[in-house]
2 protein chains.
Amino acid sequence: MKPTLQDVADAVGVSRSTASNAYSRPDQLSAALRAKILDAARRLGYPGPNPTARSLRRGFVGAIGVLFTSELSYAFTDPFAVRFLAGVSRTAERHGTSLLLMPLPADRARVRSVVENASVDGFCVYCVGDEEWVLQAIRDRGQPYVTTAPRADAGPDDRYVGIDERAAARSVADHVAALGHRRVALLADTVLPGAPPGPLRLAGPGDAPHPTTRGRLTGFADAFAAVGVAWPALTLLNATANSRAAGAAAVAEVLAGDEPPTAVLACSDVLSLGVLDMLAAAGHRPPHPISVTGFDDIAEAAAAGLTTVRQPAEEKGRLAAELLLEPPTTPADGHRLLPTDLVVRTSTGPVPGS
Amino acid sequence: MKPTLQDVADAVGVSRSTASNAYSRPDQLSAALRAKILDAARRLGYPGPNPTARSLRRGFVGAIGVLFTSELSYAFTDPFAVRFLAGVSRTAERHGTSLLLMPLPADRARVRSVVENASVDGFCVYCVGDEEWVLQAIRDRGQPYVTTAPRADAGPDDRYVGIDERAAARSVADHVAALGHRRVALLADTVLPGAPPGPLRLAGPGDAPHPTTRGRLTGFADAFAAVGVAWPALTLLNATANSRAAGAAAVAEVLAGDEPPTAVLACSDVLSLGVLDMLAAAGHRPPHPISVTGFDDIAEAAAAGLTTVRQPAEEKGRLAAELLLEPPTTPADGHRLLPTDLVVRTSTGPVPGS
DNA sequence: TTGAAAGCGCTACCAT
DNA sequence: ATGGTAGCGCTTTCAA
């Protein structure tokens, strides 16, 4: 059996409390006694206070849970997610807090169980979807949490850090519209759950269940509506994942069609890189014959010459962690909207023949 | 006050154990009673069993700690580390185990404290250095651990997954030597702690304190010794970090010198990409006028046409986690050596004028 | 400066 | 199928 604090105390002939103080509150006993206790501990092979027991007693853990939609491995594969995490970890470091990375199972029952079983002091929810029930599970557990998207229905306990998705999307779409593009395709990940890759009809951008996607599609639509291109005239393309391959697969059909779009606006850089891949395979390089835009401004975007919207990934992570670790005094302080920038590179140009 | 299991039990008029069973062992009570208990819990706002208390009682946590040298944010910045983590997380997922990502403070005292305070069932040590005292801290805590480098002095409790660093390094150096290169530079991260960027003298490759670096430098040296180039004739270059920028900075001086090397062999792809950056800035593109090799074969290596050594990053992570979560039956099973491949691309070529 | 007592919230065993 | 009992290992008043 592993020795416990009691064993150490017994060995030295002091009480358990004194032995505990030797570890947690050195100022509460004489240096000599403390040395004696630590010595005995070493001799007995006492591993030091059990962190779990300590957390139980103290009432907090010193760790925050970071929840991801889909597999945990996704977190390490998506460059934007990685930078977000880097930001979170920077803040956590400063607070001596660990990060418990948690994959979010697809089915709701298991989500509850994951949330209920995590030994953490709060949650950072980095979700791709509108996982309202995830938040409910967290609320039910009575833990604080921060999400990474603005929430219209944010209650006083809700904290979030996000960007104005709609305005950001509109900025890049305005740019494309100004270049004369009218026959355009919009590309998003999982517009509707379970939808196949490729063209998809939706009554309006507001019908996308996912709030981030909804915001961006709406912003795109706004820009084109302003130049007389109504929603039904826009081609909506569904990708089955947020990856290059899925992006490529999603555009394959329309690119091969009779009247391909003159521009493709994607909801993420990763997706748009897939479009570039597909075009490159055909020997094309944007803006000829097709302009392509992304969203996020990940590192690869610069190398690819991608026109995109930059959002401050690390900053977002940093703020999210701060919102959790340094609780805002007023509920209003619990909401942060970050700035975005349109980054124009070489992947967009005037519509051919204009 | 948050209600506890006792409150729920009281409300329903059952014992605490029965209430507990309603959550943890549904088969131990009638469905009707269970429903009644769960209902009361909901009504009272009982958040479900406290994970910390449960862990304490059960004796295990359901999480493993992943220890990184340097900042946690590094983990998300180095592509090889990211892929390693993806592998670890895949296995962890399968076991319903969470990952606690832990930065490793520089000073030993804080390392102990970090290790001692983590609520985990074991550690995966992904270290850049030869942090023997880290392992000692873990051993002292009586926790299992796995490291990511072969250890000559591995005891029965040591588990590791690694590659044959020396042989792998030799394979790429043999290739470079066969191309006729004799005036070469070797580039490594933190050859000696605190050393400035650029050329550095070392009596022999065995003097590098860091085992991975030592292994790779030794492999490089082996190859050139075999063609008559002894260690002192090789230029050793120190980088102050494992980053492109540090790689670039490390080679700046020798590239600008009178007799620049005809080949640079780096201990990581990231470093060699920095060399490519520096050469590109001068309008050069390997193999002209200088051949460059990397190590790891990260994604960017292919795009850059880098000749390198591929090591299975995800596999390494997967195996590391398995070693921890599916304890080997015999100590010998605790050691895994993974295969590596020489990947020849365009960054290496015959020595100019040969 | 030290110690005694009282739990933190839960689960597992054993009995009924 | 249900309940009683006995801790898991620790920290923290409070009193001495």
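What counts, and at which threshold
Residues numbered from 1 in each chain as written. Chains lettered and ligands numbered in written order. Predicted model: local features only at pLDDT ≥ 70, side-chain atom pairs only at ≥ 80, totals over all residues. Heavy atoms only, no water. Near = heavy atom within 4 Å. Polar contact = N/O pair within 3.5 Å; in protein donor to acceptor, adjacent residues only side chain to side chain. Salt bridge = Lys/Arg side-chain N within 4 Å of Asp/Glu carboxyl O. Helix = DSSP H or I, 4+ residues; strand = E, 2+ residues; numbered from the N terminus. Buried < 20%, exposed > 50% of the residue type's maximum accessible area, 1.4 Å probe, protein only. Least-squares fit on C-alpha atoms with pLDDT ≥ 70 in both. Contact = heavy atoms within 4.5 Å. Core = buried A, V, L, I, M, F, W, Y, C linked by side-chain atoms within 4.5 Å. Buried area = accessible area lost by both parts, 1.4 Å probe. Domains from an automatic or database assignment. Axes fitted to C-alpha atoms, helices over the stretch in contact; angles between N-to-C directions. Parallel < 35°, antiparallel > 145°, perpendicular 65-115°, else oblique.

Here we take up the protein's contact with DNA strand D. The environment of DNA strand D is formed by 27 residues, the closest being Leu 5, Arg 16, Tyr 46, Arg 54 and Arg 57 of chain A. Take the atoms of DNA strand D that sit within 4 Å of the protein: sugar and phosphate atoms are 58% of them. The separation between a base nitrogen of DNA strand D and a polar side-chain atom of Arg 16 of chain A is 2.6 Å. In this structure, a phosphate oxygen belonging to DNA strand D sits 2.7 Å away from a side-chain N or O atom of Thr 18 of chain B.

With that settled, the discussion passes to the pattern of salt bridges. This structure, assessed with the given rule, holds 32 salt bridges over all chains. Close ionic contact of Arg 94 of chain B with Glu 322 of chain B constitutes a salt bridge, the shortest N to O distance being 3.7 Å. Residue Arg 94 of chain B is found in helix α6 (residues 79-94), and its partner Glu 322 of chain B is found in helix α14 (residues 313-325); the two are separated by 228 residues along the sequence. Given the relative accessible area of 54%, Arg 94 of chain B is considered exposed. The exposure class assigned to Glu 322 of chain B is buried, which follows from its relative accessible area of 15%. A salt bridge links Arg 170 of chain B to Asp 174 of chain B; the shortest N-O distance between them is 3.2 Å. Of this pair, Arg 170 of chain B and Asp 174 of chain B are both found in helix α9 (residues 165-178), 4 residues apart, which corresponds to roughly one turn of the helix. Under the relative-accessibility criterion, Asp 174 of chain B is labelled partly exposed at 32%. Through salt bridges with shared partners, a single network forms among Arg 94, Glu 315, Arg 318, Glu 322 and Glu 326 of chain A.

This paragraph deals with the relation of the copies chain A and chain B. Superposing chain A onto chain B takes a rotation of 180° plus a shift of 0.0 Å along the axis, which leaves an RMSD of 0.1 Å. Overall, the copies show the geometry of a two-fold rotation axis. By C-alpha distance to the rotation axis, the residue of chain A lying nearest is Leu 100 of chain A, at 2.2 Å. The overlap is high: 100% of the interface residues of chain A also sit at the interface in chain B, so the same surface is used on both sides.

A separate point is the nonpolar core. Among the nonpolar cores identified, the biggest contains 146 residues, and Leu 187 of chain A together with Leu 187 of chain B are the most heavily contacted of them. Those residues in contact with Leu 187 of chain A, other than ones at most four positions away along the chain, are Leu 237, Ala 239, Gly 247, Ala 250, Val 251, Val 264, Leu 265, Ala 266, Cys 267, Leu 271 and Val 275 of chain A. Judged by nonpolar contacts, the second largest core, of 34 residues, contains Val 125 and Val 134 of chain A together with Leu 100 and Leu 135 of chain B.

What follows deals with the interface of chain A and chain B. One widely used convention gives an interface's size as the accessible area the parts lose upon coming together. Between chain A and chain B, the residue contacts involve 34 residues of the former and 34 residues of the latter. Both sides of the chain A and chain B interface together cover about 2900 Å² of buried area, and 61% of this is carbon and sulfur. The interface formed by chain A and chain B holds 0 salt bridges in total. Counting the contacts that link chain A with chain B gives 4 residue pairs in polar contact (both at pLDDT 80 or more). Those elements giving two or more residues to the side of chain A that touches chain B turn out to be α4 (51-58), α5 (72-75), α6 (79-94), β2 (98-104) and α7 (108-117) of chain A.

As assigned here, chain A comprises domain 1 (5-49), domain 2 (63-162 + 314-337) and domain 3 (165-310). Centre-to-centre separation of domain 1 of chain A and domain 2 of chain A, based on C-alpha positions: 38 Å.

With that settled, consider the packing of helix α2 (residues 16-24) of chain B against helix α3 (residues 31-44) of chain B. Residues and elements named next belong to chain B. Viewed as axis vectors pointing N to C, α2 and α3 meet at an angle of 95°, and their least axial separation amounts to 9 Å. One element, α2, and the other, α3, form an angle in the roughly perpendicular class. For the pair α2 and α3, the contacting residues are Thr 18, Ala 19, Ala 22 and Tyr 23 in the first and Leu 33, Arg 34, Ile 37, Leu 38 and Ala 41 in the second.

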